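# Per-entry structural report
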Amino acid sequence: MDCVSVIRDNTDIIEEIKNNVAMPNYLKIKTYKDYLINEKKYYYPDMLIEWIAREHLGLQRTEEQLFKIREEAYNNMKRIEEEDKIGEEQCKKIDQENKIII
């Protein structure tokens with residue numbers, strides 16, 4: 001009997017959040033994530049819990065959102081690579097200056 005009440009509680013919370021038209025989507029996701037962490041004791045990475053919340057609430061990301069996320073990640077990767085190259089060049093210059101001084 002306890003299992004039935006737990007399932008009903010879970011679906012009640014999901015339905016309550018889904019049917020709340022005044023609540024924006026990001027807040028629905030945050031509310032359900034908080035429920036999963038605090039009540040259900042889900043101890044997983046934030047990205048995984050967000051994915052679970054989006055799946056349960058039916059708020060999956062659109063292809064456009066996924067494209068923007070991929071593009072942002074690619075741009076960040078390129079920026080980091082450029083910063084690494086600049087840092088390596090600066091280290092080489094410092095090493096050469098130190099060799100000249102010695």
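Residues numbered from 1 in each chain as written. Predicted model: local features only at pLDDT ≥ 70, side-chain atom pairs only at ≥ 80, totals over all residues. Heavy atoms only, no water.

Here we come to the overall build of the protein. On a plain count of helices and strands, the protein comes out with four helices and zero strands. Going from the N terminus to the C terminus, the protein shows its helices and strands as α-α-α-α. Split into buried and exposed, the 102 residues of the protein put 16% on the buried side. In the protein, the proportion of contacts linking residues at least 24 apart, taken out of those at least 6 apart, comes to 38%. With an accessible surface of roughly 8600 Å², the protein has 56% of that area assigned to carbon and sulfur atoms. (Helix = DSSP H or I, 4+ residues; strand = E, 2+ residues; numbered from the N terminus. Buried < 20%, exposed > 50% of the residue type's maximum accessible area, 1.4 Å probe, protein only. Contact = heavy atoms within 4.5 Å. Areas by Shrake-Rupley, 256 points an atom, 1.4 Å probe, with all protein chains shown as cover.)

Soluble globular proteins tend to pack their nonpolar side chains together in the buried interior. Ile14, Ile17, Met23, Ile29, Tyr32, Tyr35, Leu36, Ile49, Ile52, Ala53, Leu57 and Leu59 together form the largest nonpolar core, which totals 12 residues. Of all the secondary structure elements, the ones that give two or more residues to this core are α1 (2-19), α2 (25-38) and α3 (46-57). Residues within four places of isoleucine 14 in sequence aside, it is in contact with Tyr32, His56 and Leu57. (Core = buried A, V, L, I, M, F, W, Y, C linked by side-chain atoms within 4.5 Å.)

Glancing now at the packing of aromatic side chains. Counted according to the given criterion, the structure contains two aromatic pairs. With 5.9 Å between their ring centres and 85° between their planes, tyrosine 42 and tyrosine 44 make a pair best called edge-to-face. Since its relative accessible area comes to 28%, tyrosine 42 is described here as partly exposed. (Phe/Tyr/Trp six-rings, centres within 6.5 Å; stacked < 30°, edge-to-face > 60°.)

Following both chains from N to C, one finds α2 and α3 inclined at 115°, their axes separated by 9 Å at the closest point. Taken together, α2 and α3 sit at an angle that is classed as roughly perpendicular. Our pair here, α2 against α3, has a crossing hand that is right-handed. Taken together, the residues of α3 that come into contact with α2 (itself represented by Lys28, Ile29, Tyr32, Lys33, Leu36 and Ile37) are Asp46, Ile49, Glu50, Ile52, Ala53, Arg54, His56 and Leu57. The residue makeup of the contact of α2 with α3, split by class, is eight nonpolar, one polar and five charged. (Axes fitted to C-alpha atoms, helices over the stretch in contact; angles between N-to-C directions. Parallel < 35°, antiparallel > 145°, perpendicular 65-115°, else oblique. Left-handed = near helix turned anticlockwise from the far one by under 90°. Nonpolar A, V, L, I, M, F, W, Y, C, P; charged D, E, K, R; others polar.)

Now for the side chain of lysine 33. Mapped onto the fold, lysine 33 is located in helix α2. Its relative accessible area of 14% is what places lysine 33 among the buried residues. Setting aside residues up to four positions removed in sequence, lysine 33 forms contacts with Asp46, Ile49, Glu50 and Ala53.

With that settled, consider α2. Look at α2: 20 Å from first C-alpha to last across 14 residues, which is about the 20 Å you get at 1.5 Å a residue. Every buried residue of α2 is accounted for by Lys28, Ile29, Tyr32, Lys33, Tyr35 and Leu36. Down the axis of α2, the buried side of the element spans an arc of 160°, and every buried residue falls inside it. (Expected span 1.5 Å × (residues − 1). Arc of directions from axis to C-beta.)

This next bit is on the confidence of the model for the protein. In the predicted model, the protein carries a mean pLDDT of 87, and the fraction of residues at 70 or more is 89%. Across the protein, α2 holds the top mean pLDDT of 93, while α1 sits lowest at 69. Contacts for the low-pLDDT stretch residues 1-7, under 50 throughout, to residues beyond four places or in other chains number one contact. (pLDDT = per-residue confidence, 0-100.)

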